[in-house]
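What follows is each chain in one-letter form.
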There are 4 protein chains.
Amino acid sequence: MPKKIRLGILGGGGDSLIGVLHRVASFINDNYEIAGAVFNADFDESLNFAKEIDVPVNRIYKDFDTLVEEELKLPEDERIQVCSILTPNFLHFPMARKLLDNGFHVICEKPMTTTYEEALILQKAKIKSKKVFAVTHTYTGYPMVRQMREMIKEGALGKIHKVDAQYYQGWINTIIHDKKKRASVWRLDPKKAGISSCMGDIGVHAFNMIEYTTGLQIKSLLCDFNYLYGDNQMDVDGTVLIRMDKHVKGVIRASQVATGEENGLSIAIYGEKGALKWEQEKPNFLYKLSDTEPLQVYRPGHAYNSALSLDGTKLPPGHPEGIFDAMANIYLGMARAIRGEKYNDGEFPTMQDGVRGLNFIESTVASHKQGNIWVNLD
Amino acid sequence: MPKKIRLGILGGGGDSLIGVLHRVASFINDNYEIAGAVFNADFDESLNFAKEIDVPVNRIYKDFDTLVEEELKLPEDERIQVCSILTPNFLHFPMARKLLDNGFHVICEKPMTTTYEEALILQKAKIKSKKVFAVTHTYTGYPMVRQMREMIKEGALGKIHKVDAQYYQGWINTIIHDKKKRASVWRLDPKKAGISSCMGDIGVHAFNMIEYTTGLQIKSLLCDFNYLYGDNQMDVDGTVLIRMDKHVKGVIRASQVATGEENGLSIAIYGEKGALKWEQEKPNFLYKLSDTEPLQVYRPGHAYNSALSLDGTKLPPGHPEGIFDAMANIYLGMARAIRGEKYNDGEFPTMQDGVRGLNFIESTVASHKQGNIWVNLD
Amino acid sequence: MPKKIRLGILGGGGDSLIGVLHRVASFINDNYEIAGAVFNADFDESLNFAKEIDVPVNRIYKDFDTLVEEELKLPEDERIQVCSILTPNFLHFPMARKLLDNGFHVICEKPMTTTYEEALILQKAKIKSKKVFAVTHTYTGYPMVRQMREMIKEGALGKIHKVDAQYYQGWINTIIHDKKKRASVWRLDPKKAGISSCMGDIGVHAFNMIEYTTGLQIKSLLCDFNYLYGDNQMDVDGTVLIRMDKHVKGVIRASQVATGEENGLSIAIYGEKGALKWEQEKPNFLYKLSDTEPLQVYRPGHAYNSALSLDGTKLPPGHPEGIFDAMANIYLGMARAIRGEKYNDGEFPTMQDGVRGLNFIESTVASHKQGNIWVNLD
Amino acid sequence: MPKKIRLGILGGGGDSLIGVLHRVASFINDNYEIAGAVFNADFDESLNFAKEIDVPVNRIYKDFDTLVEEELKLPEDERIQVCSILTPNFLHFPMARKLLDNGFHVICEKPMTTTYEEALILQKAKIKSKKVFAVTHTYTGYPMVRQMREMIKEGALGKIHKVDAQYYQGWINTIIHDKKKRASVWRLDPKKAGISSCMGDIGVHAFNMIEYTTGLQIKSLLCDFNYLYGDNQMDVDGTVLIRMDKHVKGVIRASQVATGEENGLSIAIYGEKGALKWEQEKPNFLYKLSDTEPLQVYRPGHAYNSALSLDGTKLPPGHPEGIFDAMANIYLGMARAIRGEKYNDGEFPTMQDGVRGLNFIESTVASHKQGNIWVNLD
């Protein structure tokens, strides 16, 4: 294995949860070292954090543009190779674009951009750059999600005719029911948070999970949002009827007011010959249903799993790996791609996933705003 | 307690599953005796079955009209008091109507009628008759469903803002994917089975469960069916967006092609203060969710349950009661009503539930056929 | 099918839980009618109860001896054929013995007798009588327990090498921690309740479940009881090391102070090729484990189940049947035996199960009292 | 926060699973850097592995003694501060002893030593050294195990009267049933693997879990092993009756032939007022049972958890953390201790846990070999 990949980090300093997630994920398979960063908009805080976690302070930059400028001055074999973008959403697009244009690989937090239009522009930049790009639909990194994908690809379900995906959380209850809070929080301000709260933040994961596992594309949708209060302008709940083909239909359900739900992403795929079900909160159990055979429960690490699934498991069966490990699998695939090693479709979510996601989000808003009509995706 | 109630049975002879369910349910609380019957359209089979199960053959009649005619000749204290209608769907309406008009109480299998129009007519007949009428939305007889209703009534969830109900089965797969079978089976022939397969047979249970547990009414809906094949005219899968109020929304999902699902009815009700979830296949577990407290699992028979719930449990906690017991609870409530004893709302599903169900079914079909538009319920 | 079997009931009147269980179980498959009874030691209460549940009062007797005497005067085709003994434990033996001696079949609640010596005497009486005898180890009536037995019999697990059975309840906490209550309750008085509380009441079910499902016999055991307080003389908790063969070992764990446990009977059987696990509180799920294949979950009513299992299921998959249905299956097997019809081993627990159970209970007490030494069963 | 702690690694090179676990755990909270190592007995392999994972090769030593010698020559602020011992079991004792004697802190894989005698010697060395020592009972690092400990400490269960811990695996089936394999594998050779296989490798975790969560000490035990074959000398299965006090009893069950079990460690603690149950394979669910209240399910990351538990969670509720995170929590507590920061009992398993473990293992063997007699622990 070659030397560690030089990773730059944008955002994610201090107590940032997403910062911990990416940092740990990058360490897990011994593939990355943090070579430089702008951890924080405040340069001093950025420096202090670098000291705390022992990142060399000479490559902590005062801002993103400086990072790009200074790194480009370094010889290629010292220069940051890939940047993880963990900044506020509206910065994803300009940062990712500039990084690609300047020859850096990119790992971009979700949403990839704030609009579909930006996503398409970014896609062109990516193609032109010939760099590797990953968007962190983290949940696709779970071994049993990968197993789901591979089993479907190999025909375990036969022709798929129905999908049902859910992403239920309850955390926005503490905000939404309080008139002052819901008027002031950035999450519910379309100017700051983009056009969609619930569907943009979590519904899109359910969407991605469907396309990732089935290999099918959602062609059209009809969406109904719930704003819960007349003075709230952002969806906090929504249901989306989806069609993949004339006779292949399904539903995506997402909510931030599903009281008591923590991070309730789940998916069920039904086909002629069988079905597969998975829940994010019990990620190490994959259920295979049949009309005629006993239900089967697949577990990570067993030889009966696919190569793609086994690649994402580090310990023997019965040793629970979690979401850090799922993200680490994405970083692992990305490392292979950066090094030009062989890797497989499905090892990390790509630009294409990001583009599809924005297309989905804008379509749900369009459907809802026009009175719950059918809207085609590109 | 007075003497046993004299029960007449229409249909349900031989190996009929629904026959066993009603017969056992009627026995369970020692309230009923089978006084007469038309178990089968074939008189000889009816007689033989009566002998098998030791029902007096002198009150086995050759057909329904004869039963009514002959029973009316008997003195009131010998006459059948209540009839259970277990015949094919299209007979429910005429039989129920005639029974009510002639002074019999009625327990009617679902669907109560084949059209909403008939349901409204029957409702008038019922009111005029002053007789007791139950429609067998059996699942409402489970102690934990009753507990759900009572907890919501007492405000455990605060204002409800979202509901999600599912009824997934997979059994029609063996028919629908076979061109010959799907062309010939009565279930998928609109002339024989009515206007809806999936929504009429099972979706309506999910609908009823929502209204039963929340005490709210669904005001409008938008439905998308899946027929799966161009040559099939009946829904075998469908998703319904529902609205109970401007900001109270939800979804009903029903399928007969959810491969590997057995009898997957489940319901989740989310309110400002908490949520409740229940699954039919694990009926003795009721989950109470909170954003701030540990999840709670309610179990039947404990003193912490409501009176309505405890009334439906016969044994101490940990002794699983099942669907026969759920139906028996409905028969128990009905017995009290027939005897003029005190009973409570929620002890059995009424004519009103039947009427609402037909309104729902026809609305889903109307919505789908007009291109997935919003349709108001009455 | 012949006419209903004439059933006599001893005990079980009023609100008796065991009374409801047996009565309902006898009704469920349309095989029995209650022909006579001594529901209660108080003749008036017995009569009143008979009126309530519409049993002919002319065959309600003032006591057991009268019942036997009077019934014997009746012609054979009117006479009670089988009696269910639901009386206090110390009456089981004399009643069962007299019934057998006088040509009645017997369904006897557990424990069959209060001592092993009585059990052996009763066994002889049974053999001499040529009558059918069942002891109600109810849990063996569950379809998935039967499936477990059949799968093991057919070699699904290969050679068995380990068993682990548990029966945990918590109900005696409310008594045992209160000095007055524990001194006064009959359950903890060896003179009234027999030599063992926890092992005699519930541990013996776990014992029976092991022998029923595996077809193996427990040959020796070592037991440690917990009395919890120095002034308490009855076991409320105990663990039993068991040996079926030199290299086939296991453990039975029973408790009445397992706080919060309701009726936690479970069993796990491990063999060379696989394992089976089952829990009473989720009776319709049977887990098949393998070192190399995905875990399988067997569910009642599917064609993949054995004939013995399917015989115990009345409705299609997904319709939960419960403990009343388990007991009904035992009554069904008993009905076949009484009528001289073909039935299979395993349809109901026999005299032999009762004898083994008493042997087990006395052995656990002997082991504990002698300082936790190994004791052989016969 | 000070600079990273300089960590030395002994063993764990190449594809070693335990190596990955410790390395990742050390990275997760940004507290450690690998300063030196002997990854492998083969120096070249050690060097190659160091290159692969970018550890400076100048501090990769040819053997353990050289590492100690050379590191001692370095100034204190460059020298390795703590060593993780991941070598074969028989090396744990001499390495740990020498490290302590030379002023290094130690993180030692389990078993701490191969005999109780060694453990006592090591304990003295540790006390003399004033260094920090952790033994990796990894499972105590799970947030919900910590929550269990804290709830018990705060009296949530009242007086504890029963414990039941299980550690079931099935992996040795592939070896034990094959005469050649079982004769040749080092795991079943007492000369190589120590006096106990099943109890020494996994039973001891169950033992530790009981003492960790309850704060009680097991005072005596009676053990029965199963060797499964006459020609096998090592326990592959065993049950241990335990006593913490005259009326506080329990059981430890361990097996390596529990076919199909993966890593089935679980624990149940029953007290006067309630009970707590936890399973390693679903580590993020903690069950609180009560005789009178609904069962409660505690989940990590919620404010209702104790400080000790919350300290071990990095992400919000619903984001599953796993066994790498559990080990990382132990490394985190160790880091605080090494830096002389404030930390709490329970943040990592100590020398005392190691000593108790060896005492337990030797006692089980003594009990079994002497014919299943009671043996006192020190």
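In this numbering scheme, every chain counts its residues from 1 along its sequence in written order. Here the convention is simple: chains get letters from A, ligands get numbers from 1, in the order in which they are written. In view of the model being predicted, local features appear only for residues whose pLDDT reaches at least 70, and side-chain atom pairs are presented and counted only at 80 or more, with totals across whole chains, interfaces and linings using the full set of residues. For the side-chain quantities, the full set of heavy atoms in the structure was used; hydrogens and water were omitted.

Looking at an unreviewed UniProt entry, one finds chain A named Putative oxidoreductase YfiI, with Flagellimonas maritima as its source organism.

Engineer: For the overall build of chain A, give the residues involved together with the corresponding values.
Structural biologist: Strands are runs of DSSP state E lasting at least 2 residues, helices are runs of H or I lasting at least 4, and numbering of each runs from the N terminus. Tallying secondary structure elements over chain A gives 13 helices and 14 strands in all. With the radius of gyration taken over C-alpha atoms, the globule rule is written as 2.2 Å times the number of residues to the power 0.38. Its C-alpha radius of gyration of 21 Å places chain A within 12% of the 21 Å reference for a compact globule of 378 residues. Look at the contacts in chain A between residues 6 or more apart in sequence, and 69% of them connect residues 24 or more apart. Of the roughly 13200 Å² of accessible surface on chain A, a fraction of 50% belongs to carbon and sulfur atoms. By definition in these notes, contact holds between two residues if any of their heavy atoms fall within 4.5 Å. Note on areas: Shrake-Rupley, 1.4 Å probe, and residue coverage restricted to the protein chains presented here.

Engineer: If you had to explain helix H5 (residues 116-129) of chain D to someone new, which residues and values would you point to?
Structural biologist: Residue and element names in this part refer to chain D. Along its 14 residues, H5 runs 20 Å from first to last C-alpha, staying within 8% of the 20 Å computed at 1.5 Å per residue. Only protein chains enter the area calculation, which uses a 1.4 Å probe; residues under 20% of their type maximum are buried, those over 50% are exposed, and those in between are partly exposed. Listing the buried residues of H5 in full gives Tyr116, Glu118, Ala119, Leu122, Gln123, Ala125 and Ser129. Each buried residue of H5 lies within a common arc of 165° when the element is viewed along its axis, so the set occupies one face. Exposed residues lying more than 90 degrees from the buried face of H5 are Glu117, Lys124, Ile127 and Lys128. Here the expected span of a helix is defined as 1.5 Å times the quantity of residues minus one. Here the arc refers to the set of directions running from the helix axis out to each C-beta atom.

Engineer: Quick rundown of the relation of the copies chain D and chain A? Include the residues and the values.
Structural biologist: The two copies are related by a screw operation: chain D maps onto chain A through 180° of rotation and 0.0 Å of translation along the axis, at an RMSD of 0.0 Å. Interpreted geometrically, this transformation is the action of a two-fold axis. Relative to the rotation axis, the closest C-alpha in chain D is found at Gly322 of chain D, a distance of 2.4 Å. When the interface residues of chain D are mapped onto chain A, 100% of them again fall at the interface, so both copies present the same face. We place the copies in one frame by least squares, fitting the C-alpha atoms of every residue whose pLDDT is at least 70 in both.

Engineer: Outline the sheet that holds strand E4 (residues 105-108) of chain A, supporting the account with residue identities and numerical values.
Structural biologist: Residue and element names in this part refer to chain A. Strand order in the open sheet formed by 5 strands is E2-E1-E3-E4-E5, and the pairing between neighbours is parallel. Only two strands of the sheet have a single neighbouring strand rather than two, namely strand E2 (32-38) and strand E5 (133-135). Here the strands of the sheet are splayed against their neighbours by 20° on average, with no regard to which way each runs. Where strand E3 (residues 82-85) lies against E4, 4 bridges are found, and the strand directions are parallel. Looking at the pairing, Ile85 lines up with Cys108 of E4. Two strands qualify as a pair provided DSSP detects at least 2 bridges between them. Here, axes are lines fitted to C-alpha atoms. For helices the fit covers the stretch in contact, and angles between N-to-C directions go from 0 to 180 degrees.

Engineer: So what about the domain arrangement of chain A? Which residues, and what values?
Structural biologist: Residues and elements named next belong to chain A. Domain start and stop points were drawn from an automatic or database domain assignment. Along its sequence, chain A is carved into domain 1 (5-138) and domain 2 (142-313 + 351-369). Each of domain 1 and domain 2 was reduced to a C-alpha centroid, and the two centroids are 27 Å apart. Taken together, the contacts link 17 residues of domain 1 with 14 residues of domain 2. When two parts are put together, the accessible area they lose, computed with a 1.4 Å probe and summed over both, is reported as buried area. The largest contributions to the domain 1 side of the interface with domain 2 come from Lys110, Tyr116 and His137, which together make up 42% of the buried area. Salt bridges are counted wherever a side-chain nitrogen of Lys or Arg sits within 4 Å of a carboxyl oxygen of Asp or Glu. The interface formed by domain 1 and domain 2 contains 1 salt bridge. Ionic pairing is found between Lys110 and Asp201, a salt bridge with its closest N-O pair at 4.0 Å. Throughout this description, a polar contact denotes any pair of N or O atoms lying within 3.5 Å of each other; where both atoms belong to protein, one of them has to be capable of donating a hydrogen while the other can accept it, and for residues adjacent in sequence the pair is counted only when both atoms sit in side chains. The interface formed by domain 1 and domain 2 includes 5 residue pairs in polar contact (both at pLDDT 80 or more). Sorting the residues of the side of domain 1 that touches domain 2 by element identifies helix H5 (116-129) and E5 as the ones contributing at least two each. For the side of domain 1 that touches domain 2, the leading source of residues is H5, giving 6 residues. Charged residues are taken to be Asp, Glu, Lys and Arg, nonpolar residues to be Ala, Val, Leu, Ile, Met, Phe, Trp, Tyr, Cys and Pro, and polar residues to be all remaining types, Gly included. The class makeup of the residues in the side of domain 1 that touches domain 2 is 8 nonpolar, 7 polar and 2 charged.

Engineer: Describe the packing of H5 of chain D against helix H13 (residues 351-369) of chain D, listing the residues and the values that go with them.
Structural biologist: Residues and elements named next belong to chain D. The contact between H5 and H13 brings their axes to 9 Å, and the two run at 165°. On the basis of the axis angle, H5 is roughly antiparallel to H13. The hand of the H5/H13 crossing is left-handed. Contacts from Tyr116, Ala119, Leu120, Leu122, Gln123 and Lys126 of H5 reach H13 at Met351, Gln352, Val355, Leu358, Asn359 and Glu362. Class assignment for the residues of the contact of H5 with H13 results in 7 nonpolar, 3 polar and 2 charged. Oblique is the label for any angle not covered by the other classes, which are roughly parallel (under 35 degrees), roughly antiparallel (over 145) and roughly perpendicular (65 to 115). In this scheme, a crossing is called left-handed if the near helix is turned counterclockwise away from the far one by less than a right angle; it is called right-handed if the turn is clockwise.

Engineer: Could you give me a rundown of the environment of Thr313 of chain D, with the residues and numbers involved?
Structural biologist: Residues and elements named next belong to chain D. Mapped onto the elements of the fold, Thr313 is located in the loop between helix H11 (307-310) and helix H12 (323-338). By relative accessible area, which is 17% here, Thr313 ends up buried. C-alpha separation for the pair Thr313 and Pro143, spaced 170 residues apart in sequence, amounts to 6.5 Å. With sequence-adjacent residues up to four places away left out, Thr313 is seen in contact with Pro143, Pro300, Gly301 and Glu321.

Engineer: For the relation of the copies chain B and chain A, give the residues involved together with the corresponding values.
Structural biologist: Here chain B sits on chain A after a turn of 180° about the axis and a move of 0.0 Å along it, with an RMSD of 0.0 Å. Of the residues that chain B buries at the interface, 100% are likewise interface residues in chain A, meaning the two copies contact each other through the same surface.

Engineer: Describe in detail the pairing of strand E13 (residues 295-298) of chain D, supporting the description with residues and values.
Structural biologist: Pairing of strand E13 (residues 295-298) of chain B with E13 of chain D involves 3 bridges; the strand directions are antiparallel. Residue pairing in the sheet places Leu295 of chain B in a bridge with Val297 of chain D of E13 of chain D. Both strand E12 (residues 286-289) of chain D and E13 of chain D contribute to a ladder of 3 bridges, which runs antiparallel. By the bridge assignment for E13 of chain D, Lys288 of chain D is matched with Gln296 of chain D. Linking E12 of chain D back to E13 of chain D in an antiparallel pair, the connection comprises 5 residues.

Engineer: So, the interface of chain B and chain A: which residues are in play, and what are the values?
Structural biologist: The partner chain A presents 43 residues to the 43 residues of chain B that form the contact. Of all residues in chain B, His247, Thr259 and Asp291 of chain B bury the most surface against chain A, accounting for 17% of the area lost on that side. Counting the contacts that link chain B with chain A gives 10 salt bridges. In this structure, the salt-bridge partner of Asp224 of chain A is Arg243 of chain B, at a minimum N-O distance of 2.7 Å. Residue assignment for the side of chain B that touches chain A shows that the elements contributing at least two residues are strand E6 (160-168), strand E7 (220-226), strand E8 (237-245), strand E9 (248-255), strand E10 (264-271) and strand E11 (275-279) of chain B. Residue composition of the side of chain B that touches chain A, grouped by class: 14 nonpolar, 17 polar and 12 charged.

Engineer: Any details on the pattern of salt bridges? Residues and values, ideally.
Structural biologist: Per the counting criterion, the structure on display carries 108 salt bridges over all chains. Of the charged contacts in the structure, one is a salt bridge between Asp231 of chain A and Arg182 of chain A, with a shortest N-O distance of 2.7 Å. Linking Asp231 of chain A in the loop between strand E7 (220-226) and strand E8 (237-245) with Arg182 of chain A in helix H8 (residues 179-184), this pair joins segments that are 49 residues apart in sequence. Using a relative accessible area of 39% as the deciding quantity, one classes Asp231 of chain A as partly exposed. As a salt-bridge pair, Arg299 of chain D and Glu281 of chain A come within 2.8 Å of each other at their nearest N and O atoms. Taken together, the residues Arg299 of chain D in the loop between E13 and H11 and Glu281 of chain A in the loop between strand E11 (275-279) and strand E12 (286-289) connect one chain to another. Connected via shared salt-bridge partners are Arg146, Asp311, Arg336 and Glu347 of chain A.

Engineer: Before we move on, could you go through helix H1 (residues 17-28) of chain C and cite the residues and values that matter?
Structural biologist: Residue and element names in this part refer to chain C. In a regular helix each residue adds 1.5 Å, so 12 residues correspond to 16 Å; H1 covers 17 Å between its end C-alpha atoms and thus fits that length. Along H1, 10 of the 12 residues are buried, which leaves the element largely enclosed by surrounding structure. Burial in H1 covers these residues: Gly19, Val20, Leu21, His22, Arg23, Val24, Ala25, Ser26, Phe27 and Ile28. Between the side-chain oxygen at the start of H1 and the backbone nitrogen of Ile18 there is a gap of 3.4 Å, and the oxygen is on Ser16.

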